[in-house]
Amino acid sequence: IYSKISRAVRTGNVPLLKAEITRYRKMFIKRGLYLIMEKMKLLAYRNLFKQVYLILRTMEGKDSEKQDLKDFQRALNFRSSEEVDIDEIECILSSLISKGLVKGYISHTQKKIVFSKTKSFPRLPDLIRSKKIHL
């Protein structure tokens, strides 16, 4: 059970994580773990979006902190059977930013995210140690 969930979170495989949470929902509720599992989705989104960010930076050059939300939408839709619209991507990224999992801001009018030039995706152990993580 937990190895698939762990792999899904690490690799940013949101559909697999959702499927495993749904599959074992009753057990997670019984053990008091359901809400924790739901919060794991944010970490999976973070890890998926970090992969997209790194790929785009490699393709576009070093100083490409400004990235289109459509690229993140494509990545999520590629992995999922459900279509995710650009507003949902903006909402997910806003949550990641507000919780300190991503550093940057969203330009709603331009439909872009502007990442911080340093530590756009802070290391999770550092966030946990400093108690800056707000899941």
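These numbers were taken from a predicted model, which means no experiment stands behind them. Each chain has its residues counted from 1, running along the sequence as written. Local features in this predicted model are restricted to residues whose pLDDT is 70 or higher, and side-chain atom pairs enter the listing and the counts only when it is 80 or higher, whereas totals over whole chains, interfaces and linings include all residues. Side-chain figures throughout are based on the complete set of non-hydrogen atoms in the structure, without hydrogens or water.

**Q** I tried to follow the pattern of salt bridges on my own but got confused; where do I start?
**A** Close approach of charged atoms allows side chains of opposite charge to pair. In what follows, salt bridge is the name for a side-chain nitrogen of Lys or Arg lying within 4 Å of a carboxyl oxygen of Asp or Glu. Taken as a whole and assessed by the stated rule, the structure comprises 7 salt bridges. In this structure, the salt-bridge partner of Lys41 is Glu38, at a minimum N-O distance of 2.9 Å. With a gap of 3 residues between them, Lys41 and Glu38 both fall in helix 4 (residues 34-60), about one helical turn apart. Think of it in three bands: with a 1.4 Å probe and only protein chains considered, a residue is buried below 20% of the maximum accessible area for its type, exposed above 50%, and partly exposed in between. A residue is classified by how much of its surface remains accessible, and Lys41, at 19% relative accessible area, is buried. Looking at Glu38, the relative accessible area reads 25%, which means it is partly exposed. One salt bridge connects Lys111 with Glu90, and the closest N-O pair in it is separated by 3.5 Å. The helix and strand labels rest on DSSP assignments: H or I over at least four residues marks a helix, E over at least two residues marks a strand, and numbering proceeds from the N terminus.

**Q** What's the story with the pairing of strand 3 (residues 112-115) in this structure? I'm lost.
**A** Across a regular strand the side chains alternate sides, sitting on one face of the sheet and then on the other. Pairing analysis gives 3 bridges linking strand 1 (residues 66-68) to strand 3, with the strands arranged antiparallel. Bridge pairing in strand 3 places Lys66 opposite Val114. One ladder, built from 4 bridges, connects strand 2 (residues 104-107) with strand 3; its direction is antiparallel. Directly across from Gly104, in strand 3, lies its bridge partner Phe115. Any two strands between which DSSP finds at least two bridges are classified as paired. As consecutive antiparallel partners, strand 2 and strand 3 are separated by 4 residues, and within that stretch Lys111 has a phi angle of approximately 55°, a positive value.

**Q** Before we go on, may I ask you to explain helix 2 (residues 14-23) in this structure?
**A** Residues spaced three or four apart along an α-helix face the same direction, because each turn holds 3.6 residues. Residues of helix 2 that are buried include every one of Val14, Leu17, Glu20 and Ile21, and no others. Down the axis, helix 2 shows its buried residues gathered within 130° of arc, on one side only. Exposed residues pointing more than 90 degrees away from the buried face of helix 2 are listed as Thr22 and Arg23. The term polar contact refers here to a pair of N or O atoms within 3.5 Å; inside protein, the definition further demands a hydrogen-donor-capable atom paired with an acceptor-capable atom, and it admits residues adjacent in sequence only when both atoms are side-chain atoms. Near the N-terminus of helix 2, the side chain that reaches the backbone nitrogen of Leu16, with its oxygen 3.1 Å away, is that of Asn13. In this description, the arc belongs to the directions extending from the helix axis to the C-beta atoms.

**Q** Please clarify how the nonpolar core should be interpreted in this entry.
**A** As a rule of thumb, nonpolar side chains are buried together in soluble globular proteins. Only buried residues count toward a nonpolar core. Its members are Ala, Val, Leu, Ile, Met, Phe, Trp, Tyr and Cys residues joined through side-chain atoms within 4.5 Å. Core analysis: the largest hydrophobic core is formed by 34 residues, its most contacted members being Phe49, Leu76, Ile89 and Leu96. Of all the secondary structure elements, the ones that give two or more residues to this core are helix 1 (2-11), helix 2, helix 4, helix 5 (69-79), helix 6 (86-98) and strand 3. Here this core takes 10 residues from helix 4, the largest share from any one element. What makes two residues a contact is simply this: any of their non-hydrogen atoms within 4.5 Å. What Phe49 contacts, discounting residues up to four positions off in sequence, is Phe72, Ile89, Ile92, Leu93, Leu96 and Phe121.

**Q** Mind showing me how you'd approach unusual backbone geometry here?
**A** Note: most residues except glycine have negative phi, and most peptide bonds are trans. Look at Lys111: it is not a glycine, yet its phi comes out positive at around 55°. Checked against the element boundaries, Lys111 lands in the loop between strand 2 and strand 3. According to the relative accessible area criterion, Lys111 is partly exposed, its value standing at 28%. The backbone of Lys119 sits at a positive phi, close to 50°, despite the residue not being glycine. Note that Lys119 resides in the loop between strand 3 and helix 7 (124-129).

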